[in-house]
Amino acid sequence: MTSTTSRTDPAHPPVPEGPHRPPGTVPPARFRPRFHYELITCGLRGHELLGTDAAALTSDDAGFDPAVVVRETGGPDGGTLRWHRCLRCDSWIPLAPPTAPTSATLPTRAEVDLPLRGRALRDRFVLRLIAIDRVIHFIGLALVAVAIFVFLADRDVLRTPFFAVLATLRNTVGIGDGDDGVVGELTRAFSASATTVVLIGVVVAAYAVLEGVEAIGLWRARRWAEYLTLVATTVLLVPEIYELTGRITVTKVLALIINLAVIAYLLFAKRLFGLRGGGAAEEAARARDQGWDALVRTAPRP
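This report concerns the structure included in the present document. (Residues numbered from 1 in each chain as written. Predicted model: local features only at pLDDT ≥ 70, side-chain atom pairs only at ≥ 80, totals over all residues. Heavy atoms only, no water.)

## Brief notes about the overall build of the protein chain
- Within the protein chain, the regular secondary structure consists of eight helices and three strands.
- Of the regular secondary structure in the protein chain, the N- to C-terminal order runs α-β-β-β-α-α-α-α-α-α-α.
- In the protein chain, buried positions account for 32% of the 302 residues.
- Counting contacts in the protein chain only where the partners sit at least 6 residues apart, residues at least 24 apart contribute 68% of the total.
- Total accessible area on the protein chain stands at roughly 18200 Å², and carbon and sulfur atoms take up 64% of it. (Helix = DSSP H or I, 4+ residues; strand = E, 2+ residues; numbered from the N terminus. Buried < 20%, exposed > 50% of the residue type's maximum accessible area, 1.4 Å probe, protein only. Contact = heavy atoms within 4.5 Å. Areas by Shrake-Rupley, 256 points an atom, 1.4 Å probe, with all protein chains shown as cover.)

## Quick notes on the sheet that holds strand 1 (residues 70-74)
- Judged by pairing direction, the sheet is antiparallel, and its three strands sit side by side in the order 1-2-3 without closing on themselves. Two strands close off the open sheet at either side, each with one partner strand: strand 1 and strand 3 (92-95). Neighbour-to-neighbour, the strand axes of this sheet turn through a mean angle of 25°, independent of strand direction.
- Relative to strand 3, strand 2 (residues 80-85) runs antiparallel, the two being bridged by four bridges. Following the sheet pairing, Arg 85 is matched in strand 3 by Trp 92. (Pairing = 2+ DSSP bridges. Axes fitted to C-alpha atoms, helices over the stretch in contact; angles between N-to-C directions.)

## Quick look at the pattern of salt bridges
- Enumeration according to the criterion identifies 16 salt bridges in this entry.
- In this structure, Glu 282 engages Lys 270 in a salt bridge whose closest nitrogen and oxygen atoms are separated by 3.1 Å. Separated by twelve residues along the polypeptide, Glu 282 in helix 7 (residues 278-289) and Lys 270 in the loop between helix 6 (250-269) and helix 7 bring together distant segments of the chain.
- Where Glu 282 meets Arg 271, a salt bridge forms, and the shortest distance between an N and an O atom there is 3.7 Å. Within this pair, whereas Glu 282 is found in helix 7, its partner Arg 271 is found in the loop between helix 6 and helix 7, the two being separated by eleven residues in sequence.
- Note on Glu 282: relative accessible area 2%, which makes it buried.
- On the accessibility criterion, Arg 271 (9% relative accessible area) is buried.
- A single salt-bridge network, built from bridges that share partners, covers Arg 122, Asp 123, Arg 223, Glu 226, Lys 270, Arg 271, Glu 282 and Arg 286. (Salt bridge = Lys/Arg side-chain N within 4 Å of Asp/Glu carboxyl O.)

## Structural notes on the packing of aromatic side chains
- Enumeration over the complete set of coordinates arrives at four aromatic pairs.
- Ring geometry for Tyr 227 and Phe 273: centres 4.9 Å apart, planes at 90°, overall edge-to-face. On the criterion of sequence distance, the pair formed by Tyr 227 in helix 5 (residues 223-244) and Phe 273 in the loop between helix 6 and helix 7 is long-range, its members being 46 residues apart.
- With a relative accessible area of 28%, Tyr 227 lands in the partly exposed category.
- By relative accessible area, which is 55% here, Phe 273 ends up exposed. (Phe/Tyr/Trp six-rings, centres within 6.5 Å; stacked < 30°, edge-to-face > 60°.)

## Details of unusual backbone geometry
- Of note, the phi angle at Asp 90 is positive, near 70°, even though the residue is not glycine.
- With respect to the helices and strands, Asp 90 occurs in the loop between strand 2 and strand 3.
- By relative accessible area, Asp 90 is classed as buried at 6%.
- Although it is not a glycine, Ala 221 adopts a positive phi angle of roughly 55°.
- Relative to the helices and strands, Ala 221 resides in the loop between helix 4 (194-219) and helix 5.
- Residue class for Ala 221 comes out partly exposed when judged on its relative accessible area of 43%.

## Concerning the packing of helix 4 against helix 5
- Running from amino to carboxyl end, helix 4 crosses helix 5 at an angle of 140°, the nearest separation of the two axes being 8 Å. Here helix 4 is positioned oblique relative to helix 5, judged by the angle of their axes. Crossing of helix 4 over helix 5 shows left-handed handedness. Residues Tyr 207, Leu 210, Val 213, Glu 214, Gly 217 and Leu 218 of helix 4 form the contact with helix 5, whose participating residues are Trp 224, Ala 225, Glu 226, Leu 228, Thr 229, Ala 232 and Leu 236.
- Here the contact of helix 4 with helix 5 is built from residues that sort into nine nonpolar, two polar and two charged. (Parallel < 35°, antiparallel > 145°, perpendicular 65-115°, else oblique. Left-handed = near helix turned anticlockwise from the far one by under 90°. Nonpolar A, V, L, I, M, F, W, Y, C, P; charged D, E, K, R; others polar.)

## Description of the side chain of Arg 71
- For Arg 71, the position within the fold is in strand 1.
- Of the buried charged residues, Arg 71 lacks a salt bridge, with Asp 65 as the closest side chain of opposite charge at 6.4 Å.
- There is a polar contact of 2.6 Å between the side chain of Arg 71 and the backbone oxygen of Pro 300. (Lys, Arg positive; Asp, Glu negative; His and termini not counted. Polar contact = N/O pair within 3.5 Å; in protein donor to acceptor, adjacent residues only side chain to side chain.)

## Quick look at the pairing of strand 2
- Burial analysis of strand 2 places five of its six residues in the buried class, the great majority of the element.
- Once strand 1 ends, the chain turns through five residues before running back antiparallel as strand 2, passing Gly 78 with a positive phi of about 90°.
- Counted along the chain from strand 2 to the antiparallel partner strand 3, the turn is six residues long, and its residue Asp 90 has a positive phi close to 70°.

That's the geometry; what it means functionally is another story.
Spelled out as structure tokens, the structure:
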């Protein structure tokens, strides 16, 4: 468990003081669990450390203070320890200096590809969860579109046996008397004109393509994909709400809740359409958590 009090033992790294608290050091508010996306990512991918293979803790970058990311102290056995700061989650990891270093100094700032952290990392998690939801929609709609066109190709062959079986069911057990359910939908599909069936298939296929484009754009964190997802999801709320005026099912209610959550996140957290300061405020908020300036600002005092 990480302590937030100052330490004087040189074998321990200094801890941050002031408003910055590393992920996992702040107890969650009651009934408000907080996801520490930095800790989740480091748990899956490992920490992002600098200088683990460097012979000396110096850098050719004149504006780079190595103490921001790595510090050297005496070890408990009289040796030397290096405390490496994770560039993602701010954990300080004690490691012995390398016995066979492959680099003379630390890399320069330009040579380091900083990992996402803070708001930017949270957005990636959420956007990719929405993208996975869109991929599921894409697969389902694509299969439906293929089924529609396959059905259209064989509809004339299947029409006679279908209505014969339907008549038998009606005369024996009374199934198929109503217009609801799967039987009713199949009856309308066999009775509709070929043009109508083709139009339905094209609409379903177009919707599948839209979901696929949304998924790709959201996975890559593109701003245009956020707008596209917001508009498409908002428009599709109308038929979803209309469906609930008929038969209410758990699936329909769950789909509506998910879509409302997506809309709320995109509007308020991503500040679309100028809300809460718009794109400029969004970039400024991300910049506070990301980049070398954020690492320097949140580094503990020596």
